[in-house]
Amino acid sequence: MLRSVGQRRVTADGVDPRVAELRAAVSRLRRELAGHRRELADRGIAEDELAALDAMATSGAPEVWRLRRSLLLVAGAVGSVSALAEGLTEVRRAVELFGPATPEQPDGHSA
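## Considerations on the overall build of the chain
Along the chain, the regular secondary structure elements total four helices and zero strands. Along the chain, helices and strands appear, N-terminal first, in the series α-α-α-α. Among the 111 residues that make up the chain, the fraction classed as buried is 35%. When contacts within the chain are restricted to residue pairs at least 6 apart in sequence, long-range pairs at least 24 apart make up 62% of them. Looking at the chain as shown, the accessible area adds up to about 7,200 Å², and 51% of this sits on carbon and sulfur atoms.

So this is what it looks like as structure tokens:
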């Protein structure tokens with residue numbers, strides 16, 4: 001089936017597959033983070049940003065720069081924990097499905 005330029009793919013149930021991928025990756029990392037018993041100084045930041053990523057995914061058309069900002073905060077919070085590396089990589093790949101970073105954020109700052 002041909003699609004018009006700018007038209008997004010959707011699954012049989014009407015969900016953008018990028019959204020489904022991001023939500024699945026975020027859910028996995030949230031579970032892994034919850035099960036990680038060692039103390040993480042920035043655990044709260046990671047949890048908050050994972051919740052924000054999930055909320056952005058379900059909102060419809062998330063802004064790529066916001067997705068990437070949350071990803072950077074999560075990576076900074078858990079990036080050195082090898083047990084969470086695979087889950088973090090999945091989240092990064094899912095964010096990348098939404099496209100490249102924009103050269104400038106709405107507030108005029110470079111991304």
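## Overview of helix α2 (residues 43-58)
Across its 16 residues, α2 extends 23 Å between first and last C-alpha, which sits within 8% of the 22 Å expected from 1.5 Å per residue. Downstream of α2 by a residue or two, Gly60 has a phi angle that is positive, lying close to 120°.

## Some points on the nonpolar core
Grouped together as the largest cluster of nonpolar side chains are 25 residues, with contacts concentrated most on Leu22, Leu53, Val78 and Val91. Elements that contribute at least two residues to this core include exactly α1 (17-35), α2, α3 (64-78) and α4 (85-96). In this structure, Val91 is in contact with Leu22, Ala25, Val26, Leu29, Leu53 and Leu71, ignoring residues within four places of it in sequence.

Cut-offs applied
In this convention, every chain numbers its residues from 1, walking through the sequence in written order. Reporting in this predicted model follows two pLDDT cut-offs: at least 70 for local features of residues, and 80 or more for side-chain atom pairs to be given and counted; totals over whole chains, interfaces and linings ignore these cut-offs and use all residues. With hydrogens and water excluded, all non-hydrogen atoms of the structure serve as input to the side-chain values. Under the scheme used here, helices are H or I runs from DSSP no shorter than 4 residues and strands are E runs no shorter than 2 residues, and both carry numbers assigned from the N terminus. Think of it in three bands: residues with accessible area under 20% of the maximum for their type are buried, residues over 50% are exposed, and the middle band is partly exposed, with areas taken using a 1.4 Å probe on protein chains only. Pairs of residues are marked as contacts when any of their non-hydrogen atoms sit within 4.5 Å. All accessible-area figures derive from a Shrake-Rupley calculation using a 1.4 Å probe, and residue coverage is judged against the displayed protein chains alone. A helix is expected to span 1.5 Å multiplied by its residue count minus one. In these notes, a set of buried Ala, Val, Leu, Ile, Met, Phe, Trp, Tyr and Cys residues joined through side-chain atoms within 4.5 Å is what counts as a nonpolar core.

This is a description of form; function is not addressed.
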